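Here's the letter readout for the chains.
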Amino acid sequence: CHRVAYLFALQLTGQRDDAQELSQEAMVRFFGSLARFDADRPLRPWLLRIVRNLARDRARRLRVRRVEPLEPADDSMVLDPADPAPSPEEVVGRIELQRQLWRAVRALPRKHREVVALRDYLDLSYDEIAAVLRIPRGTVMSRLHRARSRLREEIGGRLRKEVTA
């Protein structure tokens, strides 16, 4: 549970310390209110809704826009290559593509970034995402479509520039 909360908080905030703090607070609230939880409903959407609400509350309290780096401060968000022995050029290319994708995801509006994080990073179903965000399933689908289209345009444009350069 905590890992899922942390990963979602990291997607929403982009900062490890903020994500750790939010996920810990979410877990405290989650366990503190378990007695009131309806056992017929799934737990994960409820936990993720707590994380989302905490992230929103925190953003409202700050009120001042923080300058966020376009890429992680370290390579923590860069995944290891799947091939056991890729060439150094392939490794560099994959890492750069992952960084570009991370930057593009961070540049999405919050409502699109939330849907992408829940679907593509946490693998929630459309119905689970709808429950977390308290929006209709159709809205989830349209936001995800728009977000993915923007990501394709952004990443595709960058790749085309690199090829022609």
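This text follows the structure it describes.
The shown structure was predicted, so the numbers you read here are calculated from the model rather than taken from an experiment.

Engineer: Looking at this structure, how should I read the packing of aromatic side chains?
Structural biologist: Each aromatic ring pair is characterised by the separation of its centres together with the angle its planes make. Within this structure, the stated rule accounts for two aromatic pairs. Plain terms: the ring middles of phenylalanine 30 and phenylalanine 31 are 5.1 Å apart, the flat faces sit at 75° to each other, and that makes the pair edge-to-face. By relative accessible area, which is 2% here, phenylalanine 30 ends up buried. On the basis of an interplanar angle of 50° and a centroid distance of 5.1 Å, the ring pair of phenylalanine 30 and tryptophan 46 is categorised as tilted.

Engineer: Explanation requested: helix H3 (residues 43–62) in the structure shown.
Structural biologist: Count 3.6 residues to each turn of an α-helix, and residues three or four apart come out pointing the same way. In this model H3 runs 29 Å from its N-terminal to its C-terminal C-alpha over 20 residues, within 8% of the 28 Å that 1.5 Å per residue would give. Among all positions in H3, only Pro45, Trp46, Leu47, Leu48, Arg49, Ile50, Val51, Arg52, Leu54, Ala55 and Arg58 are buried. Among the structural elements, helix H1 (2–13), helix H2 (16–32), helix H5 (110–121) and helix H6 (126–133) are those in contact with the buried residues of H3.

Engineer: What exactly am I supposed to notice about the packing of H3 against H5 here?
Structural biologist: Each pair of packed helices gets described by two things: the angle between the helix axes and the distance between those axes. Closest axis-to-axis distance for the H3/H5 pair is 13 Å, and the angle between their directions is 150°. Relative to H5, H3 is oriented roughly antiparallel. Of the two elements, H3 crosses H5, and the hand of that crossing is right-handed. In this structure, H3 contributes Leu48, Arg52, Ala55, Arg56 and Ala59 to the contact, and H5 contributes Arg110, Glu114 and Leu118. Classifying every residue of the contact of H3 with H5 gives four nonpolar, no polar and four charged.

Scoring rules and cut-offs
- Residue indices begin from 1 for each chain and proceed along its sequence in written order.
- Local features in this predicted model are restricted to residues of pLDDT 70 or higher, and side-chain atom pairs are both shown and tallied only at a pLDDT of 80 or more, whereas totals for entire chains, interfaces and linings draw on every residue.
- As a rule here, side-chain values cover all heavy atoms of the structure and leave hydrogens and water aside.
- Two aromatic rings from Phe, Tyr or Trp, using only the six-membered ring of Trp, form a pair when their centres are within 6.5 Å; if the ring planes differ by under 30 degrees the pair is stacked, by over 60 it is edge-to-face, and anything between is tilted.
- Between buried and exposed lies partly exposed: a residue is buried under 20% and exposed over 50% of the maximum accessible area for its type, with that area taken using a 1.4 Å probe on protein chains only.
- Helix and strand labels come from DSSP, where a helix needs a run of H or I of at least four residues and a strand needs a run of E of at least two; each type is numbered from the N terminus.
- One less than the residue count of a helix, multiplied by 1.5 Å, gives the span that helix is expected to have.
- Residues are treated as being in contact if the distance between any of their heavy atoms lies within 4.5 Å.
- For helices, the fitted line uses only the C-alpha atoms of the stretch in contact; every axis is such a line through C-alpha atoms, and the angle between N-to-C directions lies from 0 to 180 degrees.
- The labels follow the angle: roughly parallel below 35 degrees, roughly antiparallel above 145, roughly perpendicular from 65 to 115, and oblique for the rest.
- Definitions for this section: a left-handed crossing has its near helix turned counterclockwise from the far helix by less than a right angle. A right-handed crossing has that turn clockwise.
- Any residue outside Ala, Val, Leu, Ile, Met, Phe, Trp, Tyr, Cys, Pro, Asp, Glu, Lys and Arg is labelled polar, Gly included; the first ten of those are nonpolar and the last four are charged.

Honestly, it's all geometry; don't read function into it.
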